[in-house]
Amino acid sequence: MQGTHIVYGLVGALAIALTVAAITDIRRRQIDNWLNAAIAAGAPLFWWASGLALWPGVALQIGLAVVTFFVLAGLFALKAMGGGDVKLLTALALWMPALLFLKLLVIMALAGGVLTITMGMWHIARRQKDKLKIPYGIAIATAGLWIITTTDWSALHAVSAG
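Sequence positions are assigned chain by chain, starting from 1 and proceeding in written order. With pLDDT at 70 or above as the cut-off, local features in this predicted model cover only qualifying residues; side-chain atom pairs require 80 or more to be listed or tallied, and sums for whole chains, interfaces and linings still use all residues. Side-chain numbers come from the whole structure's heavy atoms, not from hydrogens or water.

## Description of the overall build of the chain
Elements are defined by DSSP. Helices are runs of H or I of four residues or more, strands are runs of E of two residues or more, and each kind is numbered from the N terminus. A tally of regular secondary structure across the chain gives six helices and zero strands. Atoms counted for the radius of gyration: C-alpha only. Globule rule: 2.2 Å times the number of residues to the power 0.38. Scaling as 2.2 N^0.38, a compact globule of 162 residues should have a C-alpha radius of gyration of about 15 Å, and the chain matches this with 16 Å. A principal-axis box enclosing the C-alpha atoms of the chain has dimensions of 60 × 30 × 25 Å. Looking at the chain as a whole, 43% of its 162 residues are labelled buried. Look at the contacts in the chain between residues 6 or more apart in sequence, and 73% of them connect residues 24 or more apart. Throughout, exposure labels follow a simple rule: accessible area from a 1.4 Å probe, protein chains only, divided by the maximum for the residue type, with under 20% read as buried, over 50% as exposed, and the rest as partly exposed. Throughout, a contact is declared for two residues whenever any of their heavy atoms are within 4.5 Å.

Dropping the structure here:
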């Protein structure tokens, strides 16, 4: 571990970025590319600060992100997911091991279900005839913030660092 303070600073920056993603998705139904790029660019600093070994640690993180991108790009092609959501989840896959990322996906799905039902009811109550667009960045950010606040980031990669 290079520096616990650096790790927590980077995780704090990630929390701020997720909050910004949720807010912009609520307001504009869009998650900016610069924000997704900044999240992805922070991951190598996080790997270094947390002492993640190049092999297999960093290789596994990159592999998880590649798999995430291709699976979610398929959902994007089917119009089941927005492009910003795909990029945000891909960037987040760079930050956490597979099991923790799977936990994020489960929490995201639960939060997304609640969000969809709530927005659907609001849409019906207001008798809107336009297509309902769910700002799924809220569910992604909620799951990410849940993971951030419940994970011991200083010990996350300690096993793979040695």
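## Some remarks on the packing of aromatic side chains
When two rings of Phe, Tyr or Trp (its six-membered ring) have centres within 6.5 Å they constitute a pair, described as stacked for plane angles under 30 degrees, edge-to-face for angles over 60, and tilted for the intermediate range. As enumerated under the stated definition, the model contains three aromatic pairs in all. Aromatic pair F46 and W153: ring centres 5.5 Å apart, planes at 75 degrees, arrangement edge-to-face. A residue pair is termed long-range when its members are at least 10 positions apart, and F46 in helix α2 (residues 33-50) and W153 in the segment after α6 (137-150) qualify at 107 residues. In terms of burial, F46 and W153 fall into one category: buried. Centroid distance F69 to F70: 5.6 Å. Interplanar angle 75 degrees. Geometry classified as edge-to-face. Given a relative accessible area of 36%, F69 falls into the partly exposed group.

## Comments concerning a positive patch on the surface
A contiguous patch of positive charge, built from R29, K79, K131 and K133, is present on the exposed surface. Structurally, K133 is set in the loop between α5 (98-125) and α6. Nonpolar side chains (Val, Leu, Ile, Met, Phe, Trp, Tyr) are joined into patches within 5 Å and like charges within 9 Å, using only residues with over 30% relative accessible area and no salt bridge. Only the protein chains shown count as cover for residues, and the accessible areas themselves come from Shrake-Rupley with a 1.4 Å probe. Note on definitions: salt bridges are taken to be side-chain nitrogens of Lys or Arg within 4 Å of carboxyl oxygens of Asp or Glu. In this charge count, Lys and Arg are treated as positive and Asp and Glu as negative; neither His nor the chain ends contribute. The atoms used to mark charge sites are NZ of Lys, CZ of Arg, CG of Asp and CD of Glu.

## Let's talk about the packing of helix α3 (residues 54-77) against helix α4 (residues 83-93)
Running from amino to carboxyl end, α3 crosses α4 at an angle of 165 degrees, the nearest separation of the two axes being 8 Å. It follows that α3 is roughly antiparallel to α4 by the angle criterion. By crossing handedness, the relation of α3 to α4 is classed as right-handed. On α4, the residues that touch Q61, L64, A65, T68, F69, L72, A73 and F76 of α3 are G83, V86, L89, T90 and A93. Across the contact of α3 with α4, the residue classes break down as nine nonpolar, four polar and no charged. Each axis is a line fitted through C-alpha atoms, and for a helix only the stretch in contact is used; angles between axes span 0 to 180 degrees, taken between their N-to-C directions. Convention used here: angles under 35 degrees read as roughly parallel, angles over 145 as roughly antiparallel, angles from 65 to 115 as roughly perpendicular, and any remaining angle as oblique. The hand of a helix crossing depends on one turn: near helix anticlockwise from the far one by less than a right angle means left-handed, and clockwise means right-handed. Any residue that is not Ala, Val, Leu, Ile, Met, Phe, Trp, Tyr, Cys, Pro, Asp, Glu, Lys or Arg is counted as polar, Gly included; the first ten are nonpolar and the last four charged.

## Quick notes on the side chain of D32
Mapped onto the fold, D32 is located in the loop between α1 (4-28) and α2. Note on D32: relative accessible area 12%, which makes it buried.

## Considerations on the packing of α1 against α6
Remark: α1 packs on α6, axes separated minimally by 8 Å, with the N-to-C direction vectors making an angle of 160 degrees. Viewed along their axes, α1 and α6 adopt a mutual orientation that is roughly antiparallel. At the point where α1 passes α6, the crossing takes the left-handed sense. Contacts from V11, L14, A15, L18, T19, A22, D25 and I26 in α1 reach G137, I138, A141, G144, L145 and I148 in α6. When its residues are assigned to classes, the contact of α1 with α6 shows 10 nonpolar, three polar and one charged.

## Points about the environment of A37
Looking at the element boundaries, A37 is found in helix α2. Between the C-alpha atoms of A37 and K87, which are 50 residues apart in sequence, the distance is 8.4 Å.

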